[in-house]
Amino acid sequence: ARPVRWLNGKNKPPQSKADMSDSDAYRAYVRKNVPPRDPKPGQLVQKNGVWPYTPIPVDENYGKANATKGSQAEAYGRLDIPPEHSSTAYTAKEGIEALERLKDGPFTLTISLDPPHPPMMVSEPYYSMYPPEKIPVPASLADPCTNSPYADRSKSANDARYRDPQNIRQMISIYYGMVAEIDHWVGKILHRLDELGLAQ
């Protein structure tokens, strides 16, 4: 049998955050800071996910009990994790900690927030921030995509789930919520830059 190879390319578990991939570091953070729990009825755990979520009808595993497989691109719903422990919050807080370490000298810092990117999930209060029933349906919803260069390759072009107005409203609502969460944390980063006198 071949030995287990960790993402750090070694034959042993990573010993520090520096040895981990971003997703491994986030999973370790959640295990340390959020009490684990099983999914409630109607909830799922996305493949490679760290916490239960409640899927919406467009999710590929909606209505399937104990689904354990799925792609990020087909995962949509309300993430049931405290917002201060979301992936966005974790990454932003890591960035703010880096500012504290680097503030006394010249530096460059990249803080790469994943959303709004699949999986399309967000915690409260962001999930409910933009009620789906108040979101207009795009005028192009019924477009048959006959002139699209991607029509032949797109799995969703003729998928009824992506032609349903309510599904589309919910998808847009989640997207807006993800953007609002990013705005919140980017604001905190910019505020800390101001406090440290580094904004210029």
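Notes on the structure follow. It should be emphasised that the depicted structure is a prediction, and the values quoted were computed from it without experimental measurement.

Moving on to the nonpolar core. Counting 14 residues, the largest nonpolar core has Ile56, Val58, Tyr76, Val122, Met171 and Ile174 as the members making the most contacts within it. Mapped by element, the contributors of at least two residues to this core are β4 (120-122) and α3 (165-195). Residue contacts for Met171: discarding those within four places in its chain leaves Ile56, Val58, Tyr76 and Tyr162. Core analysis: the second largest hydrophobic core is formed by 13 residues, Tyr26, Tyr29, Tyr90 and Met121 among them.

Trans peptide bonds make up the majority, and among non-glycine residues the majority have a negative phi. Following Pro115, the chain continues into Pro116 via a peptide bond in cis, with omega recorded as -5 degrees. Within the secondary structure layout, Pro116 lies in the loop between α2 (87-102) and β4.

This brings us to helix α1 (residues 22-33). Side chains that are three or four residues apart share a direction in an α-helix, a result of its 3.6 residues per turn. Spanning 12 residues, α1 covers 16 Å between terminal C-alpha atoms, matching the ideal 16 Å at 1.5 Å per step. Listed as buried for α1 are Asp24, Ala25, Tyr26, Tyr29 and Val30. If you follow the buried residues of α1, they end up packed against α2.

In this section: the pairing of strand β2 (residues 52-55). Both strand β1 (residues 44-45) and β2 contribute to a ladder of 2 bridges, which runs antiparallel. Residue pairing across strands places Leu44 opposite Tyr53, the latter belonging to β2. Bridging between β2 and strand β3 (residues 76-79) involves 3 bridges; their strand directions are antiparallel. Of the residues in β3, the one forming a bridge with Thr54 is Arg78.

The end-to-end C-alpha distance of α2, which contains 16 residues, comes to 22 Å, matching closely the 22 Å that a straight helix rising 1.5 Å per residue would cover. Where α2 is buried, its residues touch α1 and α3.

So, about the packing of aromatic side chains. Within this structure, the stated rule accounts for 4 aromatic pairs. The interplanar angle of 20 degrees and the centroid separation of 6.3 Å between the aromatic rings of Tyr26 and Tyr29 together place this pair among those described as stacked. Of the two residues, Tyr26 and Tyr29 both sit in helix α1, 3 residues apart, roughly one turn of that helix. Judged by its relative accessible area of 16%, Tyr29 falls in the buried class. These aromatic residues form a ring-pair network of at least three members: Tyr26, Tyr29 and Tyr90. The cationic tip of Arg78 hangs over the ring face of Tyr127; the distance from NZ or CZ to the ring centre is 5.6 Å. The lysine or arginine in question, Lys188, covers the ring of Trp185, its NZ or CZ lying 5.6 Å from the ring centre.

In spatial order, the strands read β1-β2-β3-β4; together these 4 strands make up an open sheet with mixed pairing. Unpaired on one side and paired on the other, β1 and β4 mark the two borders of the sheet. Judged from the 3 bridges that link them, β3 and β4 form a sheet pairing that is parallel. Paired with Arg78 across the strands is Val122, a residue of β4. The sheet contacts of α3 involve β3 and β4, and relative to β4 the element is tilted by about 55 degrees.

The rules we used
- Residues numbered from 1 in each chain as written.
- Predicted model: local features only at pLDDT ≥ 70, side-chain atom pairs only at ≥ 80, totals over all residues.
- Heavy atoms only, no water.
- Core = buried A, V, L, I, M, F, W, Y, C linked by side-chain atoms within 4.5 Å.
- Buried < 20%, exposed > 50% of the residue type's maximum accessible area, 1.4 Å probe, protein only.
- Helix = DSSP H or I, 4+ residues; strand = E, 2+ residues; numbered from the N terminus.
- Contact = heavy atoms within 4.5 Å.
- Expected span 1.5 Å × (residues − 1).
- Pairing = 2+ DSSP bridges.
- Phe/Tyr/Trp six-rings, centres within 6.5 Å; stacked < 30°, edge-to-face > 60°.
- Lys NZ or Arg CZ within 6 Å of the ring centre and 35° of its normal.
- Axes fitted to C-alpha atoms, helices over the stretch in contact; angles between N-to-C directions.

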